[in-house]
Amino acid sequence: MAEPITEGPVALRTSPLSHLQERMRAAGVGGARGVTLAELPFVTMVNVRVAPASEAAHRIGRTLGTPLPRRCGDTATSGLHTILWLGPDEWLVLSRADAGTVTAQVRQALDGAPGSVVDVSANRTTLELSGPAAREVLEKGCPLDLHPRVLGPGRAVSTTVGPIAVLLWQLDDGPTYRLLPRSSFADYLARWLIDAMSEYGGPRVA
């Protein structure tokens, strides 16, 4: 295992929601109506723009280990990378690999073709909302139909939760969702979710 970084700019990073870690943990509820909230900070995020049917897009897919998704809501995962569809010629690569390495590899695959590859890791943070009541919590402020027949595991869409624009990605049937807001709006969204979760710690009202 690599040694933790204790010097330099990386060691000094503070996540957008580090000040709310304890409140998010305390807001968690167990049981049949359970729901938990946590931040997953410092996820590598690389924005990719390229013509979807181009040879450059195929090269990028080979580099990432999976073709770029072609339809709204689709995602693709291979190894350390997950690719979210953002638009007809735009994707967001999420990775557990180093941001500089991923960016350099994808930029090399673009190989000067029309398009762009930009490290946007600092632009967003990631919130994970999970548990039997997670969908009910989101339904308090998300305009989308979140029923499993419409949104299920492996789907990711742009929407709003409360007044905050997010990328909403469902991981599994738990259900587990990951919400990717802009870092500057993460505090508001986390507090909104904590408030929306609060009723699930008490008895169900008939």
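Refer to the preceding data block for the structure.
One structure accompanies this document, and this report is about it. (Residues numbered from 1 in each chain as written. Predicted model: local features only at pLDDT ≥ 70, side-chain atom pairs only at ≥ 80, totals over all residues. Heavy atoms only, no water.)

Here's the deal with the pattern of salt bridges
On inspection of all chains with the given rule, the structure shows 11 salt bridges. Residues participating in the shared-partner salt-bridge network are R33, K140 and E199. (Salt bridge = Lys/Arg side-chain N within 4 Å of Asp/Glu carboxyl O.)

A short note on the sheet that holds strand β10 (residues 176-181)
Strands sit in the order β1-β7-β10-β9-β8 across an open sheet of 5 strands; the sheet is antiparallel. In the strand order of this sheet, the two ends are held by β1 (36-39) and β8 (156-161), each with one partner. Across the sheet, the mean angle separating the axes of adjacent strands is 30 degrees when strand polarity is ignored. Judged from the 6 bridges that link them, β8 and strand β9 (residues 164-172) form a sheet pairing that is antiparallel. Looking across to β9, one finds that S158 is bridged to L167. (Pairing = 2+ DSSP bridges. Helix = DSSP H or I, 4+ residues; strand = E, 2+ residues; numbered from the N terminus. Axes fitted to C-alpha atoms, helices over the stretch in contact; angles between N-to-C directions.)

Points about unusual backbone geometry
The omega torsion across G174 and P175 is -5 degrees, close enough to zero to call that bond cis. With phi around 65 degrees, F42 is a residue other than glycine that occupies positive phi space. Positionally, F42 belongs in the loop between β1 and β2 (44-50). With relative accessibility at 38%, the residue F42 sits in the partly exposed group. In this structure, D111 takes a positive phi of about 55 degrees despite not being glycine. (Buried < 20%, exposed > 50% of the residue type's maximum accessible area, 1.4 Å probe, protein only.)

Remarks on the sheet that holds strand β3 (residues 75-78)
Taken in spatial order, the 5 strands line up as β3-β4-β5-β2-β6 in an open sheet, and their pairing is antiparallel. Edge positions in the sheet fall to β3 and β6 (115-119), since each of these pairs with one other strand and no more. Across the sheet, the mean angle from the axis of one strand to that of its neighbour is 20 degrees, orientation sign disregarded. Bridge analysis of β3 against strand β4 (residues 81-87) gives 4 bridges, and the strand direction is antiparallel. The residue bridging T75 from the neighbouring strand is L84, located in β4.

Some thoughts on helix α5 (residues 186-197)
The α-helix advances 3.6 residues per turn, and as a result positions three or four apart in sequence lie on the same side. The end-to-end C-alpha distance of α5, which contains 12 residues, comes to 16 Å, matching closely the 16 Å that a straight helix rising 1.5 Å per residue would cover. Regarding α5, the residues found buried are A186, L189, A190, W192, L193, I194, A196 and M197. (Expected span 1.5 Å × (residues − 1).)

As for the pairing of strand β5 (residues 90-95)
Burial within β5 is extensive, with 5 of its 6 residues counted as buried. Note: β4 against β5, 6 bridges, orientation antiparallel. When the bridges of β5 are listed, T82 appears paired with L94. Connecting β4 to the antiparallel partner β5 that follows it, the hairpin turn spans 2 residues.

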